[in-house]
Amino acid sequence: MLFAEVAVEAARGLDRETYSYEVPPALDVVPGHRVTVPFGRRSTFGFIVSLGTDDPGVEVKPITAAGREPLLLPHQVELARLVADHYWVPLIECLRAMLPPRVRGKKSSGEGPSSRQRRHSRLLDVASGPIAAAAGPELTAEQRAALEVIASNPMTLLHGVIASGKTEVYLAAAQQALAEGLRVLLLVPEISLTPQLVERVRARLDAPIALLHSQLTELERAQQWWKVRRGEAEVVLGSRSAVFAPIPRLGLICLDEEGSAAYKQDRTPRYEAGWVARRLAAVTGARLVAGSATPSVVAYHGAVSGELALARVTRRVRGADAPVELVDMRDELTSGNRQPLSRRLLQAVEQTLDNEEQSILYLNRRGMATFVMCRECGKSVQCLGCSVALVQHAEIEGLICHYCGYSRAMPATCDHCGSRQVRALGMGTQRLEGMVKKLWPRARVLRLDSDAARGPDSYFEIWETFRERRADILVGTQLVTRGIDLPAVTCVGVVDADLPLHFPDYRSAENTFSLVVQVAGRAGRDGRAARVVVQTSNPEHYSLRCAATNDYAGFYEAELPSRKAFTFPPFADLAVLTRSDADDGRAAASAREAAEAIATGLLKERVEGIRVMGPSPAFIHRLRGEYRWQVTLKGSGLERARHLAPRGRGWSFDVDPTT
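All of these numbers come straight from a predicted model, not from anything done at the bench. (Residues numbered from 1 in each chain as written. Predicted model: local features only at pLDDT ≥ 70, side-chain atom pairs only at ≥ 80, totals over all residues. Heavy atoms only, no water.)

**Description of the sheet that holds strand β11 (residues 287–292)**
Taken in spatial order, the 7 strands of this open sheet run β8-β9-β7-β10-β11-β6-β12, and their pairing is parallel. Each edge of the sheet is formed by a strand with only one pairing partner; in this case those strands are β8 (209–212) and β12 (309–313). The average undirected angle you get between the axes of adjacent strands in this sheet is 15 degrees. Relative to β12, strand β6 (residues 155–160) runs parallel, the two sharing 5 bridges. In the strand pairing of β12, Gly160 is matched with Val313. The sheet contacts of helix α6 (residues 166–179) involve β6, β7 (183–187), β9 (235–238), β10 (250–256) and β11, and relative to β10 the element is tilted by about 170 degrees. Most of the contacts of helix α9 (residues 273–284) go to β10, to which it runs at about 165 degrees, and overall it touches β6, β7, β10 and β11. (Pairing = 2+ DSSP bridges. Helix = DSSP H or I, 4+ residues; strand = E, 2+ residues; numbered from the N terminus. Axes fitted to C-alpha atoms, helices over the stretch in contact; angles between N-to-C directions. Contact = heavy atoms within 4.5 Å.)

Next comes the structure, spelled out in structure tokens:
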């Protein structure tokens with residue numbers, strides 16, 4: 001008799017990972033099959049994770065039905081176990097994350113053509129339509145050397161300066177894998193990187209492509225997923241969730257812009273795509289190449305210490321580094337300029353317009369104003385359900401919370417003191433866009449942020465408009481910092497480099513360095529004279545000084561001692577346990593009890609190397625009507641403490657948090 005261990009969907013909230021069922025002789029199933037099983041008094045779906053002939057020793061019920069073919073490949077089941085163990089989440093949550101909603105739902109799975117399909121994303125048209133093949137440029141000596149390192153090592157960090165041709169190295173490695181009959185997975189952090197990349201991949205690789213990313217409709221995502229599952233796609237290109245694609249015969253994984261915060265999932269399971277990609281390479285035997293001009297400190301430390309190979313590309317293949325000028329905004333204020341744009345940046349943009357070239361202005365804040373405050377009592381207008389200030393947005397002529405979506409009209413008087421001195425302060429991309437239009441009325445201005453790019457194909461259309469030079473100035477958030485290759489951009493302005501620097505995050509200096517280097521790299525792509533102006537009130541900070549000279553090694557050497565002194569990654573792992581409750585006192589008490597229980601358990605079991613910190617209020621203390629308290633674990637081998645973690649409603653875990 002054959003028995004199956006099944007991860008059951010109806011048991012998502014329970015502690016037990018799998019349940020035993022009998023496999024009827026008429027059913028031909030393997031691990032990865034989706035099955036219908038009895039659970040209590042009802043039927044539910046589940047996934048077979050293992051099969052065996054050993055009697056489980058308890059009375060078991062038979063599996064009711066099974067799909068025609070397994071939805072998941074064997075290596076995906078193994079990968080799901082690794083993800084579940086590392087990120088402290090139920091196995092069923094990881095298995096569900098590997099399937100698009102349409103595939104795991106009860107409606108049309110997208111397996112076949114749909115007569116109701118009305119919209120087709122333009123990116124898919126590019127991926128599947130006719131395109132002229134193009135031979136790649138001859139690789140430089142450094143690129144060829146990097147390719148040899150990738151071919152001879154299971155995992156490689158490709159550290160290449162901006163415009164050094166890292167994508168050409170990916171494509172050359174992909175051609176080698178395809179020639180061996182293997183498949184390729186190419187991951188990018190932001191969907192805004194894909195339009196240009198899709199065109200390059202299609203033109204270079206003579207192979208069918210599938211796209212997997214969140215901007216597709218649910219039906220399109222399911223259709224692309226089935227294309228991959230059936231083996232019809234030899235190259236899979238996508239953002240974070242594409243790491244879970246069911247790719248048979250996977251031979252190469254390319255992780256572009258390693259270290260980007262966009263690779264971290266903010267909902268359960270809170271995985272980091274780079275970590276998952278490394279485990280995917282291990283379970284499939286595929287080679288992994290992770291590339292970036294600004295790799296994370298953790299990844300670079302791993303390469304320096306020999307955990308993965310290091311390939312360097314130190315020279316640009318075209319263009320030249322644009323000189324970076326740090327403008328001290330304190331001097332601007334002293335000289336009487338109270339505007340958010342310095343005189344030097346105004347001059348640079350003006351000159352760029354005169355030359356009929358393009359500019360990018362980067363500001364990592366959406367909306368019109370950062371906050372709305374009463375000038376008399378100093379109180380800001382807060383969200384009713386979150387402990388954050390509301391942000392002014394022109395499209396609703398009011399205020400919005402960026403966390404829960406709560407909105408209200410702009411108050412005429414202060415809610416606290418009744419004063420009429422209520423003013424919008426600070427600046428977001430919307431206000432910056434309006435200011436730019438007033439300063440240069442002859443300029444054609446575009447904005448690229450998550451508000452402007454909400455509609456279908458919005459990313460594609462904004463990028464295409466700017467690429468075709470139908471706009472002169474692009475105002476945007478971090479969506480404009482990476483991967484955009486636009487030759488006519490000769491001026492880049494970082495409006496406020498201090499914002500990430502003062503965020504309560506152990507990676508704040510790393511994020512600041514990365515963002516400035518990446519956005520500066522958008523200028524000078526084709527050899528024209530270019531300039532980068534970075535506005536800051538902290539020009540002496542090592543992250544900005546090193547970014548101005550594109551000195552990654554200098555930044556790494558300056559950053560590592562503080563990481564070691566305060567025991568942050570790469571010298572320790574982190575796990576944040578968050579308790580949420582509508583009652584602040586109850587959340588705090590529960591977190592305190594959990595911290596004491598974990599500390600006591602570690603002491604009793606003589607587990608060393610793990611430190612329990614807290615409880616403490618979360619950075620955003622109140623979110624969507626609930627108060628949040630956190631307990632942080634720091635050390636090595638944190639999985640040793642998983643069994644001591646609190647259970648039940650209101651708790652969530654974030655292993656390897658990015659903030």
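**Observations concerning the pattern of salt bridges**
One pass over the structure, following the stated rule, counts 29 salt bridges. Put simply, Asp654 and Lys264 hold a salt bridge, and the shortest N to O gap is 3.0 Å. Of this pair, Asp654 sits in strand β27 (residues 651–655) while Lys264 sits in the loop between β10 and α9, and the two are 390 residues apart along the sequence. Here Asp654 and Lys264 have matching classes, each one buried. (Salt bridge = Lys/Arg side-chain N within 4 Å of Asp/Glu carboxyl O. Buried < 20%, exposed > 50% of the residue type's maximum accessible area, 1.4 Å probe, protein only.)

**Examining the nonpolar core**
Ranked by size, the top nonpolar core spans 116 residues in total, and within it Val83, Trp88, Leu185, Ile253, Leu577 and Leu633 carry the most contacts. Not counting chain neighbours up to four residues away, the residues in contact with Leu633 comprise Trp88, Asp573, Leu574, Ala575, Leu577, Ile598, Ile610, Arg611, Val612, Leu638 and Ala641. Counting 36 residues, the second-largest nonpolar core is a separate cluster that includes Ala177, Val184, Val289 and Val313. (Core = buried A, V, L, I, M, F, W, Y, C linked by side-chain atoms within 4.5 Å.)

**Considerations on helix α1 (residues 74–87)**
With 14 residues, α1 extends 20 Å from end C-alpha to end C-alpha; this agrees with the ideal 20 Å at 1.5 Å per step. Those residues of α1 that sit buried are His75, Gln76, Val77, Leu79, Ala80, Val83, Ala84 and Tyr87. The elements touched by buried residues of α1 are β4 (42–52), α2 (91–97), α9 and β27. Positive phi shows up at Trp88, right after α1, with a value of about 60 degrees. (Expected span 1.5 Å × (residues − 1).)

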